Amino acid sequence: QVQLVESGGGLVQPGGSLRLSCAASGRMLSINTMAWYRQSPGKERELVATITSGGRTNYAVSVKDRFAISRDNAKNTVFLQMNSLKPEDTAVYYCYAEIWSRATYSFVTYWGQGTQVTVSS
């Protein structure tokens with residue numbers, strides 16, 4: 001069973017930085033799009049950034065120029081570098097991955113457990 005394991009969350013002051021990591025367990029995985037979502041109290045989960053297997057990226061307007069998504073295909077890992085953090089970035093961040101299933105011959109969506117990011121002074 002594939003699992004996405006997240007790390008890197010925590011408490012940071014406004015203007016600070018954090019780097020989130022999410023690694024997919026398993027051997028010889030074929031992973032399509034990976035992404036980061038976030039959900040803050042009282043709000044719906046929103047897409048933060050995506051990255052294709054070829055490295056093409058897309059960002060939410062609210063984080064563009066501040067966040068950067070990247071991936072290491074050899075390690076089945078996706079990263080989210082977050083700079084110039086603002087209080088409104090406070091949320092639980094979830095990673096997402098589409099991983100090929102040999103059983104169904106299709107991509108299956110997986111979600112990380114979520115990691116708390118709190119931006120506060």
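Each remark here, short or long, concerns the structure printed above.
Please read these numbers as outputs of a predicted model, since none were measured by experiment. (Residues numbered from 1 in each chain as written. Predicted model: local features only at pLDDT ≥ 70, side-chain atom pairs only at ≥ 80, totals over all residues. Heavy atoms only, no water.)

### Thoughts on the pairing of strand E11 (residues 115-119)
Part 1 of the reasoning: Alternating residues of E11 divide into Thr-115, Val-117 and Val-119, all buried, and Gln-116 and Thr-118, none buried.
Part 2 of the reasoning: Relative to E11, strand E2 (residues 10-12) runs parallel, the two being bridged by three bridges. Bridge assignment links Val-12 to a residue of E11, and that residue is Val-119.
Part 3 of the reasoning: Sheet analysis places strand E9 (residues 91-101) next to E11, joined by three bridges and oriented antiparallel. Paired with Val-92 across the two strands is Gln-116, which belongs to E11. (Buried < 20%, exposed > 50% of the residue type's maximum accessible area, 1.4 Å probe, protein only. Helix = DSSP H or I, 4+ residues; strand = E, 2+ residues; numbered from the N terminus. Pairing = 2+ DSSP bridges.)

### Regarding the sheet that holds strand E3 (residues 18-24)
Part 1 of the reasoning: Spatial ordering of the open sheet is given by E1-E3-E8-E7, a layout of four strands whose pairing is antiparallel. For this open sheet the edge positions go to strand E1 (4-7) and strand E7 (67-72), each flanked by a neighbour on one side alone. Pairs of neighbouring strands in the sheet enclose a mean axial angle of 15°, with direction left out of account.
Part 2 of the reasoning: In this structure, E3 lies alongside strand E8 (residues 77-82), joined through six bridges in antiparallel fashion. Paired with Arg-19 across the bridge in E8 is Gln-81. (Axes fitted to C-alpha atoms, helices over the stretch in contact; angles between N-to-C directions.)

### A short note on the side chain of Ser-101
Part 1 of the reasoning: Mapped onto the secondary structure, Ser-101 falls in strand E9.
Part 2 of the reasoning: We classify Ser-101 as buried; its relative accessible area is 15%.
Part 3 of the reasoning: Within polar-contact distance, the side chain of Ser-101 engages the side chain of Thr-104 at 3.2 Å.
Part 4 of the reasoning: Ignoring any residue separated from it by four or fewer positions in sequence, one finds Ser-101 in contact with Ser-106 and Val-108. (Polar contact = N/O pair within 3.5 Å; in protein donor to acceptor, adjacent residues only side chain to side chain. Contact = heavy atoms within 4.5 Å.)

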